[in-house]
Structures are given as structure tokens and as C-alpha cells.
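Letter by letter, the chains look like this.
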Amino acid sequence: MDIAFVGLGMMGKPMAVNLLKAGHNLTVVNRSQGKVREMAEMGASPGASPADAARGAEVVGLCLMGDAVVEPVLCGDNGVLAGAQPGTIVLDHSTVHPEFARRMEEVCAARGVTYLDAPVSGTGEVAWGGRLTVMVGGDAAAFERVRPALDAVSANARLMGAVGSGNMAKLVNNMVKDINQLGVLETFVLAAKKGMDCGLLFHVMRNGASLSRQLERILPKILDRSFEQTSYVSTNVKDQEFMEWMIGLTGLDLPLRNAARDSWLYAAEQGLASADPPEAIKALEWVAGVEVAGEVLPRDAEVTPPDGAYEALDTATAALYEVGVFEGFALTARLGMDARAMLDVLRTASGASAQLDRTGPKLIDGTTGDEDRSVDAYAACFGPLLEEARREGLRMPLYEAAAALWRGASEQGLGSGPASAAYALYT
């Protein structure tokens, strides 16, 4: 395909490289010309402007930093629409407000151009390996036409509905991801305060109930204290504004999501706005007076934890993830979105976890079945951990919110039932 691609940042550059590797004819545009020259050496054509790159392109990909950047690149005097011909498809991989995406659809349609919002999930090796998850909103026929481009950069590209639904799905995923990531940060700061071996705890958790994409992605960086920049805390703060709008459409109260929002804001207030998100653990470490560090053990290492404290933290983290799954699917249902499509993208995106795989299908099908833990068991697991955390003055807002949910479910008479029965509190 003849593809123009605008934006060669942390996500855009690996996507552009993979489009080239797949054999597409690629013209690239970027504010920094150094990256354009690098891509030219690999076989891409430099574009003088978005308008210049769009001339003759079947597809124009955008990977930019939000609404304020996308609009002039798309609609400005030298923007994409100044050069695009009728029939061109704009594939916008930027994370933007869903209402902004719908407005861009209207602007493009007036010029005979089709707009798809197609935000992505995945960073680092996932992006460079062409294994991103792409959540697309827009016309089904246009989605099929751009499949060759999507296949070059992703392992899972899913049509979620009309324009705007791609970004709504991305926001749901980010909400679940934030809960998982910040829950993991709280777990490991508590473990360090308790004097536990954090490398061993990581080994227990990645082989236990609390396995998740976030655990696997961020813990090696934290244990090694190597915070390579893949995103920014400030970007997560920005996403919260979009989430507020989306959640406001439903009237839902989502306590864990609220705790995650407050945690990102707290990290930014502590001077970490420009930090990589896993580095937000420092805001918790400073309060606790500890540093989380350790050795990553081989995945198949045969080691036995010295006591039950490791299993207790594994269980509590899994219970926290489960509440995140509840909130993600409650929001999906209230927005009228396709729950099976959401499960499909979450499983390969940054919100993935063992709890999602176990609980998601039950929530969709309305079944419970046999489960390892009851509501009461999850409610009980938080008590001793939070008592110790409070005694030490630790910040544990996600633990507190998850514990309150499980206590509330027990008080509603669901205590002896399987954990997934607590989803009734959201429905």
C-alpha cells in the first residue's frame, strides 16, 4: 500500500519501521528531521509536510500527542486534508478525546476522506515487534481496507464500533492497566517495608494468581532501578480527564479507578510528572522510607518462600486486579459497548492479567462456577496487610479501595459465594 505516516515518536517510529518491513511504500513526516533522515536511510520517502505526504497516499497514519497536535496536522493549511484525495483513509493512532475523533470524522467526510480512530496499546518490545493491540472505531469497509497496514504493526486489531469507540476502548483498557500497575507498586512497597525479598516476591507473583502484563513489564525495571522512558506520568494524568468524561456518561462510581487517578496526580505533585510511569513508585517509597530493588530470578527457578507472607501479597494483588476487571466491564456494559470485543482487546493489551482471563468470560456470560476464592476470603486477605501498612504510615489507596469493595460485597450477603459474585455491586 502507499502509506503516509506522520509522527515518529516513541510509538510512531517502531510502527513506521514495521510498515517498511512489511513492504509498504512509506512517506514519513516528523517535526524532528533527524528521525526522517533515519527512516529515509531505511527506504522511506521524506515528506515536506503532512499535505505533501498525503498526496497519492491510500492511507495516512497519524501517531501524535493528542487533540491539540492532531487538529492542525490534519486540518491546517499544510495539513493532511490539504493534500489528501477523496477516498483516502486517515488512520489516527493518537489517543484523543472520543468527541474530538467524531468531529474529525465530520471534517474529513466533508472532503471525501474517511477517518478511523485507532489508538494502540503496547510499548517497547511490543511496539518494535509489531505486536501492538489496535482498537479501531469507524466504517467496517474502511477497516478491512486498512488491514494490511494494521497487520504490519499489530498482533490484534479489532473494530470496536463507530468512530470514537476506538478511543473509548483504549480508555477502558488504560483504566484497568492503571489499576493493575498502581496496585503492583503498592504491593512491592509494602513488601519492602516488611523486609521481604522483592525479587522472590516477583517470582511468586508471576507464577501465581497475580500474573499480569503490568507485573511482567514494570517489575524488572523497578528491581533493577532502570527506568527507561516509554511514556510519562503526565500522559496518564491527561488520560484521567478523558476518563472523567466517559465515566460521567454512565453515572457509575468506580472507587479503584478514582484511587488510581489520585495516585497519578499525587506522583505528579511529587515532581514525577515527566517520569516513566513505573518510576511513580518513588512517591510511595519516599513515604515508606524504602527502595524496592532485587534480582529477577529465572522463570523456572525452583524456590520456596520462607513464609506465607509472599502468598498473602499474591492473593491481595489478584483480588485488587479482580476489582479492576469488575470496573472495566461495568463501564463497558453501561456505555453499550461490545463486551466480548473488549475482552478480546484487553487480553492482548496493557490491561491483560490472569484474573481478566479467569473472570472476564464469567461476567460476560453471567456465570460463576467454581473458583479458588470466595468473597469472604478476599475480604479477609486485606485486613492484616492494611493494618500493618497503616501502622507504618504507608500510602495504600488502591488496597484501601479494594478492601472496601470486598467488605461491602460480604456485607451484602455475598460472602460465601465465588469472588465473581461481587460484580453484582456494580450492576
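Residues numbered from 1 in each chain as written. Predicted model: local features only at pLDDT ≥ 70, side-chain atom pairs only at ≥ 80, totals over all residues. Heavy atoms only, no water.

(A) Representation of the pairing of strand S8 (residues 132-137). For S8, the tally of buried residues reaches six of six residues, placing the bulk of the element in the interior. Going residue by residue along S8, you find Leu132, Val134 and Val136 tucked away on one face and Thr133, Met135 and Gly137 tucked away on the opposite face as well. As paired strands, S8 and strand S9 (residues 154-161) are joined by six bridges and run parallel to one another. Its bridge partner lying in S9, Met135 is registered against Arg158. (Buried < 20%, exposed > 50% of the residue type's maximum accessible area, 1.4 Å probe, protein only. Helix = DSSP H or I, 4+ residues; strand = E, 2+ residues; numbered from the N terminus. Pairing = 2+ DSSP bridges.)

(B) Fine view of the side chain of Asp178. Its place among the elements puts Asp178 in helix H10 (residues 165-193). Its relative accessible area of 2% is what places Asp178 among the buried residues. Not counting the four nearest positions on each side in its chain, Asp178 is found in contact with Asn236, Gln240, Met243, Ala260 and Trp264. (Contact = heavy atoms within 4.5 Å.)

(C) Structural detail: the packing of helix H19 (residues 375-392) against helix H20 (residues 397-414). The N-to-C vectors of H19 and H20 enclose an angle of 140°; their axes lie 9 Å apart at closest approach. For the pair H19 and H20, the crossing hand works out as left-handed. Residues Val375, Asp376, Tyr378, Ala379, Phe382, Leu385, Leu386 and Arg390 of H19 pack against Tyr399, Glu400, Ala402, Ala403, Trp406, Arg407, Ala409, Ser410 and Leu414 of H20. (Axes fitted to C-alpha atoms, helices over the stretch in contact; angles between N-to-C directions. Left-handed = near helix turned anticlockwise from the far one by under 90°.)

(D) Structural context of the pattern of salt bridges. Taken as a whole and judged by the stated rule, the model has 20 salt bridges. For Asp262, the salt bridge is made with Arg261, and the minimal N-O distance between the two is 2.9 Å. Given a relative accessible area of 38%, Asp262 falls into the partly exposed group. Residue Glu311 pairs with Arg373 through a salt bridge whose shortest N-O separation is 3.6 Å. (Salt bridge = Lys/Arg side-chain N within 4 Å of Asp/Glu carboxyl O.)

(E) The arrangement of the environment of Ala389 in detail. Tracing the backbone through its elements, the reader meets Ala389 in helix H19. A C-alpha to C-alpha distance of 6.8 Å links Ala389 and Leu190, two positions 199 residues apart in sequence. Once residues lying within four places of it in the same chain are set aside, the contact partners of Ala389 are Leu190, Leu394 and Met396.

(F) Empty space enclosed by the protein, seen in detail. One pass over the full model with this rule turns up two cavities of 30 Å³ or more. Reported here for the largest cavity is a volume of approximately 80 Å³. Elements represented by at least two residues in the lining of the largest cavity include exactly H10, helix H14 (255-272) and helix H15 (281-288). In this structure, the second largest cavity spans a volume of roughly 60 Å³. Lining the second largest cavity, in full, are Ile3, Phe5, Met15, Leu19, Val59, Gly61, Leu91, His93, Ala149, Leu150 and Val153. The set of elements that each furnish at least two residues to the lining of the second largest cavity consists of strand S1 (2-6), helix H1 (12-21), strand S4 (59-62) and helix H9 (147-153). With three residues, the top contributor of residues to the lining of the second largest cavity is H9. Its residues assigned to classes, the lining of the second largest cavity comprises nine nonpolar, two polar and no charged. (1 Å grid on protein atoms, 1.4 Å probe; cavity = no way out; pocket = protein on both sides within 12 Å on 5 of 7 lines; lining within 4 Å. Points joined across faces, edges and corners; volume = space filled by probe spheres on them. Nonpolar A, V, L, I, M, F, W, Y, C, P; charged D, E, K, R; others polar.)

(G) Expanded view of the state of the cysteines. Following the criterion strictly, the structure yields zero disulfides and no others. The cysteine Cys75 is free of any disulfide, with Cys108 supplying the nearest cysteine sulfur at 6.4 Å. In this structure Cys108 comes out as buried when scored by relative accessible area, which is 0%. (Disulfide = S-S within 2.5 Å.)

(H) Structural view of the pairing of strand S2 (residues 25-29). In terms of residue burial, S2 counts as a mostly covered element, since four of its five residues are buried. Relative to S2, S1 is paired through five bridges, and the arrangement is parallel. Counterpart to Phe5 in the pairing with S2 is Val28. Note that the unit made of S1, H1 and S2 has a crossover that is right-handed. Summarising the sheet, S2 and strand S3 (residues 45-46) pair through two bridges and their orientation is parallel. Looking at the pairing, Val28 lines up with Pro46 of S3. (Right-handed = clockwise from strand over helix to strand, strands pointing away.)

(I) Structural detail: H14. With 18 residues, H14 extends 24 Å from end C-alpha to end C-alpha; this agrees with the ideal 26 Å at 1.5 Å per step. Listed as buried for H14 are Leu256, Arg257, Ala259, Ala260, Arg261, Ser263, Trp264, Tyr266, Ala267 and Leu272. Against H10, helix H13 (233-248), H15, helix H16 (309-334) and H20 lie the buried residues of H14. (Expected span 1.5 Å × (residues − 1).)

(J) Main features of unusual backbone geometry. Notably, Arg225 is not glycine yet its phi reads approximately 55°, a positive angle. With respect to the helices and strands, Arg225 occurs in the loop between helix H12 (213-224) and H13.

(K) Just the nonpolar core, in detail. If you look at the biggest cluster of nonpolar residues, it comprises 96 residues, and the most contacted ones within it are Phe188, Val292, Leu331, Phe382, Tyr399 and Trp406. Element by element, the count of residues in this core is highest for H10, at 14 residues. Once residues lying within four places of it in the same chain are set aside, the contact partners of Leu331 are Val172, Met175, Met246, Ile247, Thr250, Leu252 and Leu254. The next biggest cluster of nonpolar side chains, apart from the first, holds 34 residues, and it includes Phe5, Val59, Leu91 and Ala142. (Core = buried A, V, L, I, M, F, W, Y, C linked by side-chain atoms within 4.5 Å.)

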